[in-house]
Amino acid sequence: MAPTPDGPPALRLDGVTRVFRAGGRVIRAVDGVDARVERGSITGLVGPDGAGKTTLMRLVTGLLRADSGRIEVLGLDIGRDVAAIQGRIGYMPQRFGLYEDLTVRENLDLYADLQDVPKSERAARYGDLLHMTGLGPFTGRFAGRLSGGMKQKLGLACTLIRAPDLLFLDEPTVGVDPVSRRELWAIIDRLTGASGMTVLISTSYLDEAERCGTVLLMHEGKLVGADSPAAFTAPLAGRSYRIAAAGLGKRRLHERLDGAPGIIDATIQGAYVRVVTDSAGLPPLPTLLPDLDGVAADPVPPRFEDAFVARLRQERPALPAPPAAPSPDGAARDGEIIVVRDVTRLFGSFTAVDRIGFSVGRGEIFGLLGANGAGKSTTFRMLCGLLPPSGGTLTVAGYDLRHAAAAARGRIGYMAQKFSLYVDLSVMDNLRFFSSAYRLTGARRRQRIAWALEEFDLETVADAACRDLSLGYKQRLALAAALMHEPDILFLDEPTSGVDPLARRDFWRRINRLAETGVTVLVTTHFMEEAEYCDRLVIMAQGRILATGTPEDLRDRFRSAQMPDPTMEDAFIALLETAPAGTA
Amino acid sequence: MNASLIRLGGLLRKEFLQILRDPSALAIAFLLPAVLLFIFGYGVTLDAHDVPLALVIDHADATTASVAGALAHSPYFRISRPPDIEAAETALTDHRIDGIIWLRSDFARRALSGRTASIGVILNGTDANSARLVEGYLQQTWATWLAAWGARRGQPSPVPVLVQSRVRFNPAVSSRDNLVPGLIAVIMTLTGALLTALVMAREWERGTLEALMVTRVTIREILIAKLVPYFVLGMGGMAASVVMAVTLFHVPFRGTIPVLVVTSALFLLASLGMGLVISSLARNQFVAGQIAIITTFLPAFILSGFIFDIDSMPAAIRVVTHVVAARYFVSILQTEFLAGDIRAVILPNAVALAVMAAIFLGVARLSARKRLD
Amino acid sequence: MWTQIFALIVKELLAVLKDRRSRFVLIGPPLIQLLVFGYAATFDLDHVPIAVYDQDRSAAARDLVARFSGSRAFQVVATLDNGARINSLIDSRKVAMVLSIDRRFTRDLLRHRPAPVQVIIDGRNSNTALLILGYAGSIITDFSTAWSASHGGPPLPAVLEMRARYNPELSSRWFIVPGIVAVLTQVVVLLVVGLSVAREREAGTFDQLLVTPMRQIDILLGKGLPGLLIGVIEASVTILAAVLWFHVPLRGSLGALYLGLILFVASVTGIGLMVSSLATTQQQALLGAFLFMVPTIILSNFATPIANMPPLLQDLTQANPLRHILAIVRGVFLEGAGFGSLWPHLWPMAIIAIVSLAAAGWLFRRRV
């Protein structure tokens, strides 16, 4: 199965278009895409939410038919030879396509049968795959009981059961923790290196794009770029800097730099603010930050994400930042508003959370981080009063929310993982409902709804059914609903998973402002770069807290000769690796 | 071994494992039939016996006593004797009795003088069916009394025609004997259509079908793998129901096993095919379940001839019953249990089932593609 | 608190009505089923096919046959020349009954000896068989008394004078159609309420509800009241159809009927909410609703009489709200019943409603 450089490309698309019609609207999900994927390469399919990545994946696997254009897979025309193609490719859909009520072994057996793997070869093949994925000890476990990362690896093992010539992975790393992501990439590298397999992987994690040989960048159904990551970032050379200012908090600094003239992107990274400029060279610091002393700016190498943001910013300017409201009650900022002491939660004999404790101060952005199955969601649900703890105490603003009077719950805002909205209802109906649910009435209710529509730029979609909104809009609406009643404390569960980097930046800009006004924010996330926005965070594994501290503290702990400037992700992985017991 | 057979084997193993591990499927397949059969076998009967009636006699004498005697002898009635007609009327309004038999004060005088007295009967007609049955029983009792009346006087019977009735297949006219076989058909409709509709929709919803499709498996293999396990489950439920009917409820079985097996198989195929069509139309469990409930249980209950006589329905409704597969199977089962292998009944109904099975499976096959659109 | 509940009710109704499919489930099937089943579900015999084997071929025999063919219940579809085909006609279900008039029929009649007439009936459907037996018996008796009177036979000492209260024609449609009103109301309310919480659980919006300042009782009311509203409206529409389309008389107290309906829908709502809070997925909720629905219909007096069931089962039906509402609906429709006579069905249903709603509330709290 060595790569044949003279043969046809693994995948070729010529003018491929696919249109969907929904409720009288025509959506050009894939619009005139021409692309090639060379044999033996790792090609990334990158784009914001709704760019058409999944539709493209389904087109090239024969699950959808193109309205026009031509698709050749491994030299075969998909219109004619779809059966032959499907025998030679592997495909892992977004939810991994596993049968959750079958065990790991039974899932493997099923796919081995379906892919015509001879019985005699199976033992060796299973051995390889189980070793590679680390699933060996879990063959008898039901797939539904595996953690997200393990499911992802099992899904991969099932598609690799008969080594395919071409492997399609649709967003395999969504909802999967950094350790599992890293392990997945190690497997992919091994596969392409050793057996010459071709891989097309779609992802919304832009750091992953840098690991691909070629990147196909999609936006609104169109292919807007196809090149190596280095070629994408080349125009960005000399436009990325990190800036620190003595005596000014990173959040304040970020606020100053964000949207400043000449700056197209500003993100918090550790103690620094990382900026990307609109042309080579940083504007002179005195003009950029006129009244500040002790400002230091160093150039840093560009990342793929910079290129991505730069490209998309041309089409979608940043939303106007909301005016910063002065802190309502500066004196009250110090009290501890969330206190967790010795909290344990059992599910049957399984200890999901094991005697954890931490506290959150008023006005803090506090992060709850951990691998899949580490217990952070359980902790989160206990804090919100959705689950009773088996032992220990938790108080939020002095109450245990599980037994708190309704009034106490009126002080918190909650945004669930999947942006839980009523999808059949319109945006306006959702806002009306949540405003009433939070006991707003009369003029105040009208005023808050008007505020939400304007603040979150929802006026144009006020009458659209939520079902038809893109993920970015849904996220904004969910946040608007959670903020309807101006809560003191905001709970955010995986608030940005699946949304594109621009929406993520807008989101964090708002959260920062909220924190500045004294709102306490508790957030769980998989995105390590988002951990940078936190004032303090805890990292959990196997129901215990491994570390508590500021992001800088954590990175400092793992600063070494090999890793002079560790990212949050490096620190996270190092922490898990040095944890007492092995993690799943 | 043939690659296609191995693929099929893999899929079948998966389906069986899923059935074994899903309590709700097993509940529908075994618990529901068992509960229903018990309720029907022990509880439900359309026959009337011990019907509470009030006998009001305004002036008691030997003649009225003979009427009272005839009524008391009937196994169908439980006679009470309220003091007067007002008390009886109150009891009727309060549902304590189902009817009143009223012999007025001139009853004996008129009967003996040849001026034809009247036996007043007032029934609660709300439940028209029960009222009809009571009417019939009263007429029988009356005819018996008339014959005895004539014999006692050495006169010919005032009712000169002697009705000899013979009820074929079910001489005791026991409703259990025909309800239990009919019920089996209703239950099998549920097992077949509801389960297949839900399991296929579940695969759509969970995205597992998407992964399956991009393998070497063919759509025919997927469909066969969905059919076989539920076919086996259905035949198992069928066998259990038949055994229960015969051993527990002593319903006679006069047909032959092979005919029963073949016709059951045809019926199950039609039901399963319908389930597959529903799920390929709906693709989500909520809608598939609602369609399945609306199109299976109540139609099988009401339009199959299981309880309500199809011949007595208006013509337009009779046409509708022809698309209810249970209709044919109810007819086959009632015949197999109570009558035997009667070709003239079994054959046309079996052909109708075969046609329905072919249509549903054909539509399922045509509408299922190895694609998402 | 009431504004919150009101908002939740509005939201539930919007969710049901804005979804094309659930809108259809609410409106289409109930009306179609009312029409189809209203016509189909009848115990009355209507043009049942019969065959006649007249061996006597006399005027008296022809008179008897004419009484059969003139009856609405029967339709003579075959006249036999010999007895050989009697069994095969019945076995093949071509006819449901054969009327066989003996060769000695007229002779015996004239000699005042019992004149034999045979009716052979298909017993595969026992209920139909009994009804045929009753109809045929009364036709023959009518013939017989008429013949006796006109041929100088002894006078009848007494005749049966039957009257049926409430339903003089003994039309079973009058019995079944009000029953369908109750059954369909149950199906719709169970589907709407039983799935509502499971649907929110799957969508994740239920957690969102729980963290708002709404109390559990608010959520319970907010989930239950839309079911109540939809159920009562659905019942009203079917009641109108029963009166205007099927001409079933509506004689009793509307107040009692609606009080009964509200209690009934409240009971079903409670049960639906119990199912809803026990189920984690929509499939489980659907199957749970179904497992409840089937036995309650059978043990309700809808088509299968309770009076003949074993005492234990009869006692059990006291816990079945459908059984009580059927008694109330039929009582009000046909018997002109009012609060007084329906009281024995109203209070058990009130208890069922309270118990099921309380249990739902308790399960709600436990499962949250």
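Think of each chain on its own: its residues are numbered from 1, step by step along the sequence as written. Labels follow written order: the first chain is A, the first ligand is 1, and so on. Only residues with pLDDT of at least 70 are given local features in this predicted model, and only at 80 or more are side-chain atom pairs given and counted; all residues enter the totals for whole chains, interfaces and linings. To get the side-chain values, take all heavy atoms of the structure and skip hydrogens and water.

Moving on, we get to the interface of chain B and chain C. Counting residues at the interface gives 102 residues for chain B, matched by 104 residues for chain C. For any pair of parts, buried area is found by adding up, for both, the accessible area (1.4 Å probe) each one loses once the two are put together. Summed over both sides, the interface of chain B with chain C buries roughly 9800 Å², with 67% coming from carbon and sulfur. On the chain B side of the contact with chain C, Thr-126, Arg-132 and Phe-286 of chain B bury the most area, a combined 7% of that side's loss. By definition, a salt bridge exists where a carboxyl oxygen of Asp or Glu is found within 4 Å of a side-chain nitrogen of Lys or Arg. Between chain B and chain C we count one salt bridge in total. Between Glu-89 of chain B and Arg-165 of chain C there is a salt bridge, and its shortest N-O distance comes to 2.8 Å. Only heavy atoms enter the contact rule, under which two residues are in contact if any of them lie within 4.5 Å.

With that settled, consider the interface of chain B and chain A. Often, the extent of an interface is quoted as the loss of accessible area on bringing the components together. Listed per partner, the contact involves 28 residues of chain B and 30 residues of chain A. Contact with chain A buries surface across chain B, with Arg-21, Val-214 and Arg-216 of chain B losing the most and accounting together for 25% of the total. Counting the contacts that link chain B with chain A gives five salt bridges. Across the pair Arg-21 of chain B and Glu-106 of chain A runs a salt bridge whose closest N-O atoms are separated by 2.6 Å. Whenever two N or O atoms come within 3.5 Å, that pair is a polar contact, provided that in protein one can donate a hydrogen and the other can accept it, and provided that, for residues adjacent in sequence, both atoms are side-chain atoms. Inspection of the chain B/chain A interface yields eleven residue pairs in polar contact (both at pLDDT 80 or more).

For residues besides glycine, phi is generally negative; the peptide bonds are generally trans as well. Here Asp-457 of chain A, not a glycine, exhibits a phi torsion of approximately 55°, which is positive. Its place among the elements puts Asp-457 of chain A in the loop between helix H15 (442-455) and helix H16 (471-483). In this structure, His-47 of chain C takes a positive phi of about 50° despite not being glycine. Secondary structure elements follow DSSP: runs of H or I of four or more residues count as helices, runs of E of two or more count as strands, with numbering from the N terminus. Mapped onto the fold, His-47 of chain C is located in the loop between helix H2 (20-40) and strand S1 (48-54). Among the residues examined, His-47 of chain C registers a relative accessible area of 38% and is labelled partly exposed. For every residue, the accessible area (1.4 Å probe, protein chains only) is compared with the maximum for its type, and the residue is labelled buried under 20%, exposed over 50%, or partly exposed between those bounds.

The next subject is the pattern of salt bridges. All names here are of chain A. For the structure on display, the rule yields 58 salt bridges over all chains. Here Arg-559 and Asp-556 are joined by a salt bridge, their closest N and O atoms 2.8 Å apart. Residue classification places Arg-559 among the partly exposed positions, given a relative accessible area of 39%. The class of Asp-556 is partly exposed, set by a relative accessible area of 41%.

This part is about a nonpolar patch on the surface. Residues enter patches when their relative accessible area tops 30% and they take part in no salt bridge; the joining distance is 9 Å for like charges and 5 Å for the nonpolar side chains Val, Leu, Ile, Met, Phe, Trp and Tyr. All accessible areas in this document rest on Shrake-Rupley with a 1.4 Å probe, and a residue is counted as covered only by the protein chains that are shown. Where nonpolar side chains cluster on the molecular surface, the patch consists of Leu-347, Val-351, Val-355, Ile-359 and Val-363 of chain B and spans about 410 Å² of accessible area. With relative accessibility at 43%, the residue Val-355 of chain B sits in the partly exposed group.

Attention now goes to the domain arrangement of chain B. Per the annotation, domain bounds derive from an automatic or database assignment of domains. For chain B, the assigned domains read domain 1 (3-44 + 174-367) and domain 2 (51-152). The straight-line distance from the C-alpha centre of domain 1 of chain B to that of domain 2 of chain B is 48 Å.

Residue and element names in this part refer to chain A. The six strands lie next to each other as S6-S7-S8-S3-S9-S10, forming an open sheet whose pairing is mixed. The two strands at the open ends of the sheet, each matched to only one other strand, are strand S6 (89-92) and strand S10 (222-227). Pairwise comparison of adjacent strand axes, ignoring direction, gives a mean angle of 15° for this sheet. Should DSSP find at least two bridges between two strands, the strands are regarded as paired. Pairing between strand S3 (residues 42-46) and strand S9 (residues 214-219): four bridges, direction parallel. Each residue of the ladder has a partner; that of Gly-44, found in S9, is Val-215. As a rule, the C-alpha atoms of each element are fitted with a line to give its axis, helices using only the stretch in contact, and angles between N-to-C directions run from 0 to 180 degrees.

Residues and elements named next belong to chain A. For Leu-169, the location among the structural elements is in strand S7 (residues 166-170). Spatially, the C-alpha atoms of Leu-169 and Leu-156 are 8.3 Å apart, while their sequence positions differ by 13 residues. Setting aside residues up to four positions removed in sequence, Leu-169 forms contacts with Met-57, Met-92, Leu-156, Ile-188, Val-199, Leu-200, Ile-201 and Ser-202.

In this section: the confidence of the model for chain C. Detailed reading of predicted coordinates is not advised where the pLDDT is low. Per residue, pLDDT captures the predictor's confidence, and it can take any value from 0 to 100. Per-residue pLDDT for chain C has a mean of 85; in total, 98% of the residues score no lower than 70. Scored as a whole, the predicted complex attains pTM 0.81, and scored at its interfaces, ipTM 0.79.

This part is about the sheet that holds strand S1 (residues 51-57) of chain B. With mixed pairing, five strands are arranged side by side in an open sheet as S2(B)-S1(B)-S3(B)-S4(B)-S5(C). Looking at the sheet topology across the chains shown, the edges are occupied by strand S2 (77-80) of chain B together with strand S5 (158-165) of chain C. Neighbour-to-neighbour, the strand axes of this sheet turn through a mean angle of 25°, independent of strand direction. As paired elements, strand S3 (residues 99-103) of chain B and strand S4 (residues 117-124) of chain B share five bridges and run antiparallel to each other. Opposite Leu-103 of chain B, over in S4 of chain B, you have Ile-119 of chain B as the bridge partner. Contacts from helix H4 (residues 85-93) of chain B reach S1, S3 and S4 of chain B together with S5 of chain C within the one sheet, and its direction differs from that of S3 of chain B by about 165°. Of the strands in this sheet, S1, S2, S3 and S4 of chain B together with S5 of chain C are in contact with helix H6 (residues 128-152) of chain B, which crosses S5 of chain C at around 170°.

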